[in-house]
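Tertiary structure, described
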Amino acid sequence: MCANPNCTRPDLPILIQKTNWCRSCYYKSKKKPGRSTWMQTHPERARELLKKSRRKRRIECPEHVLWVRCKHRARKMGLPFDLSVLDIVIPEYCPIFPYIKLNLTHSKARFDSPSVDQIKPGLGYIKGNVRVISHRANMLKSNMTLDEITYLVLDFTSRAGEYK
Ligand SMILES: [Zn+2]
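These numbers come from a predicted model, not from an experiment.

1. Notes on the overall build of the protein chain
Along the protein chain, the regular secondary structure elements total seven helices and four strands. N-terminal to C-terminal, the α/β element order of the protein chain is β-β-α-α-α-α-β-β-α-α-α. Here the C-alpha atoms of the protein chain give a radius of gyration of 22 Å, more than 25% beyond the 15 Å that 2.2 N^0.38 yields for 164 residues. In terms of overall dimensions, the protein chain has C-alpha extents of about 75 × 35 × 25 Å along its principal axes. Taken over 164 residues, the protein chain has a buried fraction of 14%.

2. Side note on helix α3 (residues 43-60)
With 18 residues, α3 ought to run about 26 Å at 1.5 Å a step, and its terminal C-alpha atoms sit 26 Å apart, in line with that. Across the 18 residues of α3, zero count as buried, placing the element largely on the outside.

3. Regarding unusual backbone geometry
Not every positive phi belongs to a glycine, and N20 is a case in point at roughly 60 degrees. Within the secondary structure, N20 is located in the loop between β1 (14-16) and β2 (21-22).

4. Some remarks on the nonpolar core
Among the nonpolar cores identified, the biggest contains 11 residues, and these are L66, W67, C70, L83, I88, C94, V116, Y125, V130, V132 and I133. Sorting the residues of this core by element identifies α4 (62-77) and β4 (130-134) as the ones contributing at least two each.

5. Digging into the pairing of β4
For β4, a buried count of four out of five residues is recorded, marking the element as mostly surrounded by other parts of the structure. Where strand β3 (residues 114-118) and β4 come together, five bridges link them in antiparallel fashion. For Q118, the partnering residue across the bridge sits in β4 and is V130.

6. Quick look at the environment of R54
By the secondary structure assignment, R54 is in helix α3. Taking the C-beta count within 10 Å as the criterion, R54 has 12 such neighbours and is therefore assigned exposed. Residues R54 and V65, spaced 11 residues apart in sequence, show a C-alpha to C-alpha distance of 9.6 Å.

7. Re the pairing of β3
Looking down a regular strand, the side chains alternate between one sheet face and the other. Burial analysis of β3 places five of its five residues in the buried class, the great majority of the element. Of the two faces of β3, the one holding P114, V116 and Q118 and the one holding S115 and D117 are both buried throughout.

8. Regarding the confidence of the model for the protein chain
Averaged over all residues, the pLDDT of the protein chain is 87; the fraction at 70 or higher stands at 98%. Within the protein chain, helix α7 (residues 160-163) has the poorest average pLDDT of any element, 68, and β4 the best, 96.

What counts and how
- Residues numbered from 1 in each chain as written.
- Predicted model: local features only at pLDDT ≥ 70, side-chain atom pairs only at ≥ 80, totals over all residues.
- Helix = DSSP H or I, 4+ residues; strand = E, 2+ residues; numbered from the N terminus.
- Rg over C-alpha atoms; globule rule 2.2 N^0.38 Å.
- Buried ≥ 20, exposed ≤ 12 C-beta atoms within 10 Å, placed from the backbone.
- Expected span 1.5 Å × (residues − 1).
- Core = buried A, V, L, I, M, F, W, Y, C linked by C-beta atoms within 7 Å.
- Pairing = 2+ DSSP bridges.
- pLDDT = per-residue confidence, 0-100.

Okay, structure coming up:
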């Protein structure tokens, strides 16, 4: 249990071995005094700065952003995860839709945002089972079974004449 006498979260496990403090106490101790009041008195400016720093991070280390995202996803779905940031390799173009150039600057996921794909679904985010594809390809992949794709293709090709 947390060694901080002022701890408000005795239910949390210990995060920092050196001090035997929990996560809650650790992050509270890291907070700069005055910062939150400044943010309260300058909400517009604070939001702007946050947006700017997030954009900078997305552009400067998109691999890390993707790594954090799929780590959370793995935990949420109860899937195995053993990736390091170096396992995330972002190609210039989507490997499934080669005409989609991956764009790292969007704040919200769009069709050309990079997205980490499990090559074998359900195996987890583990070394050798991930690649970066476009958000569009990942959405289609995760929402459809091979049967459904086959029927769609059959339908499309049988109506090919109507489209011309
Ligand atoms: Zn604590």
